[in-house]
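Spelled out from the first residue to the last, the chains are:
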Amino acid sequence: MKTIVGFTFKNKVKTKSFIVTTIILALLVTAGINSFYVMSLFNKDEGGPAKAEVVAMVNDTEGVAPALQEYYKKQSDSKLSIQVYDGSGDPATDEAKLKQDLAAKKIAGYLVATEGKAGEFPKFIYKSSNIRVTGDSTTNSLETALGSVKTDFIVADSLTDAQKKQLSEPITMSLEQVAVSEGNAGTNQTEEQKIAANILVYVMLFLFFMTAYMTGNMIAAEVTAEKSSRIMEILITSVSPLSQMFGKVMGMFLVGLTQIAVFVAAVAVNVNLPHNIAVLKEAHIDMSQIDPMLLIYGLVFYILGYFLFAVLFAAVGSMVSRTEDLGQAIMPITLLSLASFYISMFSLATPNTMLVKVASFIPFTSPTSMILRLGLGEVAYWEVWLSIVLLLVAIFIFGWLSAKIYRTGVLMYGKRPSWKELRKAMKAYKI
Amino acid sequence: MNALQVEQVVKVYGDKRAVNQINLEVGRGEIYGLLGANGAGKTTTMRMVLGLIYPDEGNIRYNGKGYSKELNRLMGYLPEERGLYPKIKVSEQLVYLAQLRGMSKVDADRSLKYWLDRFNVPEYYDKKIEELSKGNQQKMQFIAAVIHKPQIIIMDEAFSGLDPVNVELLKETVKEVRDEGASILFSTHRMEHVEELCQNITILHKSNTVLQGNLKEIKRQFPRESVILGTDGEVSELHQITGVTKVDRLETGYKIGISDEQAAQEILRTAMQQRTVNRFEVVEPTLNQIFIKAVGEGHE
């Protein structure tokens, strides 16, 4: 058994494809983490004081323009300035002239007031060649400015400046999650812990899916390859199929762990680079806020989940005689692992729904769902342990079943056997 | 006590009897020939001997005992369809396979080097299987079957796909292994190999044993049916001899088919009256002929 584990591990880790994928993924992780820093570099360039923006104001019937100009004069750090545009009376020629200025980059955009009832604050249209639906710094600033001007316009002089300032101040509200009952795993979390947990859950789900699916696939592919190269006949006469299968599963497990270790190392190195520390702090990401229990549970569920999927992959691999047929054969398990991944991924924002709760007890989806609930939702310890026990029972049952299928499957060549044929063969082989 | 005893073994797949009441015994230092057309039940028999599948009836005994896991160490297997890991070095996988059969790494390595030297290919130690020619891959496969010094070796189609030089080389090594005391169960379609290597044979046909026993005795049971006659010129009236069924003219004489061994003497007398006879032989039936006779009837 030890020999098989070692042989499987050594030969997989040495393959070019494994080395290349691992390096590519590690580079992707590195790129991902550093992208925050790179993006912040670009943002700084944009935020330079040199580029002043001019917004032209057209059709100003209610005298909003002077008030706006006054507002921006007070905001010393704003790069916006308002220029009143005297219309010629004909809207078409005005538009043409403004568009010329836009093209010449004399102005960043122009604000058109639509005529409302007299004495009412007008509605505005901001026109620019570069409009973003989500808003950018210019539109945001204009909105704030117009809001302030509107307050002045309506209240006139009935409020003091201090009162006006209070009115215009944004509301501060920070978020904090509390657990409603005692003895639950999802303890009170501050916002920073929440962000850290969010990231960790995301990463763990992703790693679980990636490594379990990839190594699972490798197991199936290896078993099929051994079968199609007929070395299987020598192997099964040397060691029992059971220790052979579990040796392979264990060996691949170590391969998966190695891969994870590489990723974790890549993350750790990158996060601790000086330039990244600053950026992460700015984004309120503090990895030291991670609950170590979450990591431990995550590892437990990863291991259990991996074994459950791995034995199935091995069983399916043993039924197929040719590598070409493998993709089709492992489809059901692929779908199962995808379901497990996506149920959790789509529920990242809503970790306490009934779907996630149910999924966290079903062995195939429980590894991901339970990690999600542990990290972000609310879950009682007895639920976690029940889920682990269910998972163990499932591993036992499916491991036993897979071993039987494996024992039969490796001796069957030709077309992929149906369940009926497999049962028949099991009987014939007295397995 | 023989090393391998197969007693009244039956294997049924669904409604088909793959093997029907087979008996055979292989002694120590013996190569036993298991013959049969494709689908006759050879591979199933071998798989049962290997413990891959269990017989439905009957017993298989190894040194007098039933099957147990420990036997894996004592058995070697050269499967019909060859296969090793194509992308892994010869040394790594053969040592691995030997380790799986309970050999220590050091011993396995030493044994591998011995065999590579024996085949005059020590340079393959660090090569990958896919880099070797088919014949050399066969040699590696053979090494995989014998590297752990097994007592019982199963060889399914041992020499298929080899050139004559390599067949000779492998035959020599099989004999060596036999002389060291191994019991070898051997299957092949090449009857001349069986004649050279085996003392006892079993011919299977459609799951049943049709012929079994000592090769020489089997041959004695079959009548001699042809005569080789070498003369310095033409011999006439051979056709007229009673019992002659067929006369073929060869470069140096005749090959004459007979239905009765008495006819052979008559042929010799007739020939000596006319010419100088420099060769005369009443030929034993070849195993090939025996096999075709035993299996050929009803073989579609």
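Residues numbered from 1 in each chain as written. Chains lettered and ligands numbered in written order. Predicted model: local features only at pLDDT ≥ 70, side-chain atom pairs only at ≥ 80, totals over all residues. Heavy atoms only, no water.

K.L.:
I would appreciate a short explanation of the overall build of chain A in the present structure.
P.N.:
Looking only at helices and strands, chain A has 17 helices and 4 strands in total. Out of the 431 residues belonging to chain A, those deemed buried represent 44%. Considering only contacts in chain A between residues 6 or more positions apart, those separated by 24 or more positions represent 74%. With the model as given, the accessible surface of chain A reaches about 23,100 Å², and the carbon-plus-sulfur share is 65%. (Helix = DSSP H or I, 4+ residues; strand = E, 2+ residues; numbered from the N terminus. Buried < 20%, exposed > 50% of the residue type's maximum accessible area, 1.4 Å probe, protein only. Contact = heavy atoms within 4.5 Å. Areas by Shrake-Rupley, 256 points an atom, 1.4 Å probe, with all protein chains shown as cover.)

K.L.:
Help me understand the interface of chain A and chain B in this model?
P.N.:
One widely used convention gives an interface's size as the accessible area the parts lose upon coming together. Opposite the 23 residues of chain A that make contact, chain B presents 29 residues. In total, chain A and chain B occlude about 2,700 Å² of area from one another, counting both sides; carbon and sulfur atoms represent 59% of this. Considering only the surface of chain A that becomes buried against chain B, Phe7, Ile234 and Thr237 of chain A emerge as the three largest contributors, covering 24% of it. Here chain A and chain B share 2 salt bridges between them. Ionic pairing is found between Glu92 of chain B and Lys14 of chain A, a salt bridge with its closest N-O pair at 3.0 Å. Taken together, the links from chain A to chain B amount to 6 residue pairs in polar contact (both at pLDDT 80 or more). Breaking the side of chain A that touches chain B down by element, the ones donating at least two residues are helix H1 (2–14), helix H8 (231–238) and helix H17 (419–429) of chain A. (Buried area = accessible area lost by both parts, 1.4 Å probe. Salt bridge = Lys/Arg side-chain N within 4 Å of Asp/Glu carboxyl O. Polar contact = N/O pair within 3.5 Å; in protein donor to acceptor, adjacent residues only side chain to side chain.)

K.L.:
I tried to follow the sheet that holds strand E11 (residues 244–249) of chain B on my own but got confused; where do I start?
P.N.:
Residue and element names in this part refer to chain B. The strand order across the open sheet formed by 4 strands is E11-E12-E10-E13, and the pairing between neighbours is antiparallel. The open sheet is flanked by E11 and strand E13 (277–283), the only strands paired with a single partner. Along the sheet, successive strands turn relative to each other by an average axial angle of 15°, direction set aside. Pairing of strand E10 (residues 226–231) with strand E12 (residues 253–258) involves 5 bridges; the strand directions are antiparallel. Of the residues in E12, the one forming a bridge with Ser226 is Gly257. Packing of helix H9 (residues 262–274) onto the sheet brings it into contact with E10, E11, E12 and E13, and relative to E13 it is tilted by some 170°. (Pairing = 2+ DSSP bridges. Axes fitted to C-alpha atoms, helices over the stretch in contact; angles between N-to-C directions.)

K.L.:
Sorry if this is basic, but what is going on with the confidence of the model for chain B here?
P.N.:
Looking at chain B as a whole, the pLDDT averages 86, with 99% of positions reaching at least 70. At the level of chain-chain contacts, confidence expressed as ipTM amounts to 0.76, with global pTM at 0.71. (pLDDT = per-residue confidence, 0-100.)

K.L.:
Any chance you could explain helix H11 (residues 292–319) of chain A here in plain terms?
P.N.:
Three- or four-residue spacings in an α-helix give side chains the same orientation, since the helix completes a turn every 3.6 residues. Between its terminal C-alpha atoms H11 of chain A stretches 41 Å, which fits the 40 Å expected from 28 residues at 1.5 Å a residue. The buried fraction of H11 of chain A amounts to 21 of the 28 residues, a majority that puts the element mostly inside the structure. (Expected span 1.5 Å × (residues − 1).)

K.L.:
Explain the packing of helix H9 (residues 241–271) of chain A against H11 of chain A to me, please; I cannot follow it from the model alone.
P.N.:
Each pair of packed helices gets described by two things: the angle between the helix axes and the distance between those axes. Residues and elements named next belong to chain A. The interhelical angle for the contact between H9 and H11, taken along N-to-C directions, is 130°, at an axis separation of 10 Å. With respect to each other, H9 and H11 are oriented oblique. Remark: the crossing between H9 and H11 carries right-handed chirality. Every residue of H11 that contacts H9 at Met245, Phe246, Val249, Met250, Met252, Phe253, Gly256, Leu257 and Ile260 is listed here: Tyr302, Ile303, Tyr306, Phe307, Ala310, Val311 and Ala314. (Parallel < 35°, antiparallel > 145°, perpendicular 65-115°, else oblique. Left-handed = near helix turned anticlockwise from the far one by under 90°.)

K.L.:
What is the right way to look at the packing of aromatic side chains in this model?
P.N.:
Two numbers describe a pair of aromatic rings. These are the distance of the centres and the angle of the planes. Enumeration over the complete set of coordinates arrives at 23 aromatic pairs over all chains. Their ring planes at 70° and their centres at 5.3 Å tell us that Phe364 of chain A and Phe398 of chain A sit as a pair that is edge-to-face. Of this pair, Phe364 of chain A sits in the loop between helix H14 (354–359) and helix H15 (366–375) while Phe398 of chain A sits in helix H16 (residues 381–409), placing them 34 residues apart in sequence. Owing to a relative accessible area of 12%, Phe364 of chain A belongs among the buried residues under this scheme. Look at Trp115 of chain B and Phe142 of chain B: their rings are 6.1 Å apart centre to centre, the planes differ by 80°, and that puts the pair in the edge-to-face class. With a gap of 27 residues between them, Trp115 of chain B in helix H4 (residues 105–118) and Phe142 of chain B in helix H5 (residues 134–146) connect regions that are remote in the sequence. For Trp115 of chain B, a relative accessible area of 7% puts it in the buried group. Judged by its relative accessible area of 1%, Phe142 of chain B is buried. Here the aromatic residues Phe206, Phe209, Tyr213, Phe313, Phe341, Tyr342 and Phe346 of chain A are joined through ring pairs into a cluster of three or more. The side chain of Lys113 of chain B reaches across the aromatic face of Tyr125 of chain B, ending 5.1 Å from its centre. (Phe/Tyr/Trp six-rings, centres within 6.5 Å; stacked < 30°, edge-to-face > 60°. Lys NZ or Arg CZ within 6 Å of the ring centre and 35° of its normal.)

K.L.:
Honestly, the sheet that holds strand E2 (residues 16–26) of chain B in this entry has me stumped. Any pointers?
P.N.:
The strands making up a sheet associate through hydrogen bonds between their backbones, and the pairing can be parallel or antiparallel. All names here are of chain B. Sheet architecture is open: 3 strands sit in the order E2-E1-E4, paired in antiparallel fashion. Two strands in the sheet have a free side with no partner beyond their single neighbour: E2 and strand E4 (57–62). On average, adjacent strands in this sheet sit at an angle of 20° to one another, irrespective of strand direction. Sheet analysis places strand E1 (residues 4–13) next to E4, joined by 5 bridges and oriented antiparallel. Of the residues in E4, the one forming a bridge with Val10 is Glu57. Contacts between helix H1 (residues 42–50) and the sheet are confined to E1, E2 and E4, with E1 contributing the most and set at about 120° to the helix.

K.L.:
I keep staring at the pairing of strand E5 (residues 75–78) of chain B and nothing clicks. Help me out?
P.N.:
Along a regular strand, successive side chains alternate from one face of the sheet to the other. Residues and elements named next belong to chain B. Going residue by residue along E5, you find Met75 and Tyr77 tucked away on one face and Gly76 and Leu78 tucked away on the opposite face as well. For E5 and strand E6 (residues 152–156), the ladder comprises 4 bridges, and the chain directions are parallel. Within the sheet, the bridge partner assigned to Met75 lies in E6 and is Ile152.

K.L.:
Would you mind showing me how to read helix H7 (residues 191–228) of chain A here?
P.N.:
The first and last C-alpha atoms of H7 of chain A sit 54 Å apart over 38 residues, in line with the 56 Å expected at 1.5 Å per residue. Just beyond H7 of chain A, the residue with positive phi is Arg230 of chain A, at close to 65°.

K.L.:
Any chance you could explain unusual backbone geometry here in plain terms?
P.N.:
Working note: non-glycine residues mostly have negative phi, and peptide bonds are mostly trans. All names here are of chain B. Unusually for a residue other than glycine, Gln21 sits at a positive phi of about 50°. Relative to the helices and strands, Gln21 is located in strand E2. Phi is positive for Asn120, which is not a glycine, with a value near 60°. With respect to the secondary-structure elements, Asn120 resides in the loop between H4 and H5.

K.L.:
Would you mind showing me how to read the side chain of Gln141 of chain B here?
P.N.:
Structurally, the position occupied by Gln141 of chain B is in helix H5. Residue classification places Gln141 of chain B among the buried residues on the basis of a relative accessible area of 2%. The contact partners of Gln141 of chain B, leaving out residues within four places of it in the chain, are Ile234 of chain A together with Leu78, Pro79, Arg82, Gly83 and Leu84 of chain B.

K.L.:
Any chance you could explain the pairing of E12 of chain B here in plain terms?
P.N.:
All names here are of chain B. With 5 of 6 residues buried, E12 is to be regarded as a mostly interior element. Pairing of E11 with E12, which is carried by 5 bridges, proceeds in the antiparallel orientation. Residue pairing for E12: Lys246 is matched across the bridge by Gly257. Between the end of E11 and the start of E12, which pair antiparallel, lie 3 residues.

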